Amino acid sequence: MKKTVLLMFAISFFIFGCSKKNPYEDPSDRRISKIKSNTEEKFEGEQIGIDLTEMNSNMVYAQVFNMLIMPEEYEGRLIKVGGTFVRFIPNGETEPVNSVIVSDALACCQQGLEFKFADDYSFEAEDLPSEGTEIEIIGRFVMSQTADGLDYFYLDCKDLKIL
């Protein structure tokens, strides 16, 4: 009796276990579904894709880390983020880089999101906040490449608010 039950279990496991499609056969199956918006807020009639200002500091840090490892999931989406304004000139470059720095709850880990001003965003250089100022920006997530062929991303800033 035990052998019969065991044999039936093994046969059913083989039939049903082997009939399922391997989820890793197709590379497109490996991608997670698009990250859903966490807000109903709109900017100039378009829904904001991810509002980092509504999350606690640990979630913001995790979401920004997620942007670093899966940037294709965020491409073209409007992102709203708040943090500390930092402007610096990277090694070997001549143009300054604007970024907003976000920290985790203990402020021991920090990540920055580079942003560039959109072509239709009007500002004067003296309108830029001083370094260390708390800001909030709304920008479109853009993936690009350097002249060397390295991938990178930035936020195409549509709105900057000094807090």
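Residues numbered from 1 in each chain as written. Predicted model: local features only at pLDDT ≥ 70, side-chain atom pairs only at ≥ 80, totals over all residues. Heavy atoms only, no water.

K.L.:
Help me get a handle on the side chain of glutamate 136, residues and values and all.
P.N.:
Here glutamate 136 lies in strand E7 (residues 134-145). When sequence neighbours within four positions are dropped, the list of residues in contact with glutamate 136 reads Thr53, Lys80, Val81, Gly82, Asp159, Leu160, Lys161 and Leu163. (Helix = DSSP H or I, 4+ residues; strand = E, 2+ residues; numbered from the N terminus. Contact = heavy atoms within 4.5 Å.)

K.L.:
Let's hear about the side chain of lysine 80: which residues, and what values?
P.N.:
Within the fold, lysine 80 resides in strand E4 (residues 78-88). In terms of polar contacts, lysine 80 uses its side chain to reach the side chain of glutamate 41, at 3.0 Å. Setting aside chain neighbours within four positions, we find lysine 80 in contact with Glu41, Ile48, Ile50, Asp51, Leu52, Thr53, Glu136, Ile137 and Ile138. (Polar contact = N/O pair within 3.5 Å; in protein donor to acceptor, adjacent residues only side chain to side chain.)

K.L.:
Would you mind going over the nonpolar core in detail, with residue names and values included?
P.N.:
Leu52, Leu113, Phe115 and Ile137 are the most contacted members of the largest nonpolar core, which has 22 residues in total. For this core, the secondary structure elements donating two or more residues are helix H2 (57-69), E4, strand E5 (97-103), strand E6 (110-117), E7 and strand E8 (151-162). The greatest single-element share of this core, amounting to 4 residues, is contributed by E8. Beyond its immediate chain neighbours, meaning those up to four positions away, leucine 52 contacts Val60, Gln63, Val64, Met67, Ile79, Lys80, Val81 and Leu113. (Core = buried A, V, L, I, M, F, W, Y, C linked by side-chain atoms within 4.5 Å. Buried < 20%, exposed > 50% of the residue type's maximum accessible area, 1.4 Å probe, protein only.)

K.L.:
How would you summarise the pattern of salt bridges if you had to cite specific residues and measurements?
P.N.:
For the structure on display, the rule yields 5 salt bridges. Glutamate 46 is the partner of arginine 140 in a salt bridge, and the nearest nitrogen-oxygen pair spans 2.8 Å. Linking arginine 140 in strand E7 with glutamate 46 in strand E2 (residues 46-47), this pair joins segments that are 94 residues apart in sequence. Judged by relative accessible area, which is 23%, arginine 140 ranks as partly exposed. With a shortest N-O distance of 3.5 Å, glutamate 136 and lysine 161 are connected by a salt bridge. (Salt bridge = Lys/Arg side-chain N within 4 Å of Asp/Glu carboxyl O.)

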